Amino acid sequence: MPGTLVFYLVPVKNMEAARPFYRDVLGLEESWREGESTTGFKLPGSDVELMVDEVAGVEFDAAGPVFLIESVDEFYALNKEQIIFVGEPGETPDGKIVAARDDSGNGIYFTDQSKS
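Residues numbered from 1 in each chain as written. Predicted model: local features only at pLDDT ≥ 70, side-chain atom pairs only at ≥ 80, totals over all residues. Heavy atoms only, no water.

Enquirer: Got a minute to help me understand the layout of surface pockets in this structure?
Expert: Computed from the structure, the largest pocket encloses a volume of approximately 440 Å³. Forming the boundary of the largest pocket are 22 residues, of which Glu34, Met51, Thr92, Pro93 and Ile97 lie nearest the centre. Counting only elements with at least two residues in the lining of the largest pocket, the list comes to strand E1 (4-12), strand E2 (29-34), strand E4 (49-54) and strand E5 (64-68). Taken together, the residues of the lining of the largest pocket break down into 11 nonpolar, 5 polar and 6 charged. (1 Å grid on protein atoms, 1.4 Å probe; cavity = no way out; pocket = protein on both sides within 12 Å on 5 of 7 lines; lining within 4 Å. Points joined across faces, edges and corners; volume = space filled by probe spheres on them. Helix = DSSP H or I, 4+ residues; strand = E, 2+ residues; numbered from the N terminus. Nonpolar A, V, L, I, M, F, W, Y, C, P; charged D, E, K, R; others polar.)

Enquirer: Got a minute to help me understand the packing of aromatic side chains in this structure?
Expert: Within this structure, the stated rule accounts for 7 aromatic pairs. Ring centres of Phe67 and Phe110 lie 6.1 Å apart, and the angle between their planes is 25°; on these two criteria the pair is classed as stacked. Within this pair, whereas Phe67 is found in strand E5, its partner Phe110 is found in strand E8 (residues 107-111), the two being separated by 43 residues in sequence. An angle of 85° between the planes, with centres 6.3 Å apart, marks the rings of Phe75 and Phe85 as edge-to-face. Of this pair, Phe75 sits in helix H2 (residues 72-79) while Phe85 sits in strand E6 (residues 84-91); the two residues are 10 residues apart in sequence, bridging distant segments of the chain. (Phe/Tyr/Trp six-rings, centres within 6.5 Å; stacked < 30°, edge-to-face > 60°.)

Enquirer: What is the right way to read the pairing of E8 from this model?
Expert: On a regular strand, each side chain points to the face opposite its neighbour's, so the side chains alternate between the two faces of the sheet. For E8, the tally of buried residues reaches 4 of 5 residues, placing the bulk of the element in the interior. Here 3 bridges tie E5 to E8, and the two strands are oriented parallel to one another. Each bridged residue has a counterpart across the sheet, and for Phe67 the counterpart in E8 is Phe110. Of the strand pairs in this sheet, strand E7 (residues 96-101) and E8 are connected by 5 bridges, and their pairing is antiparallel. Paired with Ile97 across the strands is Thr111, a residue of E8. (Buried < 20%, exposed > 50% of the residue type's maximum accessible area, 1.4 Å probe, protein only. Pairing = 2+ DSSP bridges.)

Enquirer: What is the right way to read the pattern of salt bridges from this model?
Expert: Evaluated as defined, the whole model comprises 8 salt bridges. Note that Glu91 and Lys115 form a salt bridge whose closest N and O atoms lie 3.0 Å from each other. Separated by 24 residues along the polypeptide, Glu91 in strand E6 and Lys115 in the segment after E8 bring together distant segments of the chain. Taking relative accessible area as the criterion, Glu91 reaches 54% and is therefore assigned exposed. Sharing partners across several salt bridges, the network here consists of Arg23, Asp24, Glu30 and Arg33. (Salt bridge = Lys/Arg side-chain N within 4 Å of Asp/Glu carboxyl O.)

Enquirer: Looking at this model, I keep getting lost on the side chain of Asn79. Mind explaining?
Expert: Inspection of the secondary structure assignment puts Asn79 in helix H2. From its side chain, Asn79 meets the backbone oxygen of Phe75 in a polar contact 2.9 Å long. (Polar contact = N/O pair within 3.5 Å; in protein donor to acceptor, adjacent residues only side chain to side chain.)

Quick look at the structure:
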């Protein structure tokens, strides 16, 4: 799979409680926000960031890696018989994202920057 690991997604139930936990208790540096429901944190010694996201739907209820790929729509079309996708591709501010599961139920996410 051509792609780059860019985030590790951590779904949370309450962002107001999660943000100070990751920032103040764990000491991670906040790097960005997307509205009030998603916050990025730098991970020391890594280009991969922690993406803490308030659970808004079934697709994003499992922690897991987020891979940046060329085209979510193409990847989905080519792999929908081989990969357990949770729903269809959805919109993000920069492009698209789709959630998947491995055989053990772990979350795996694929995103693109098709709007950039």
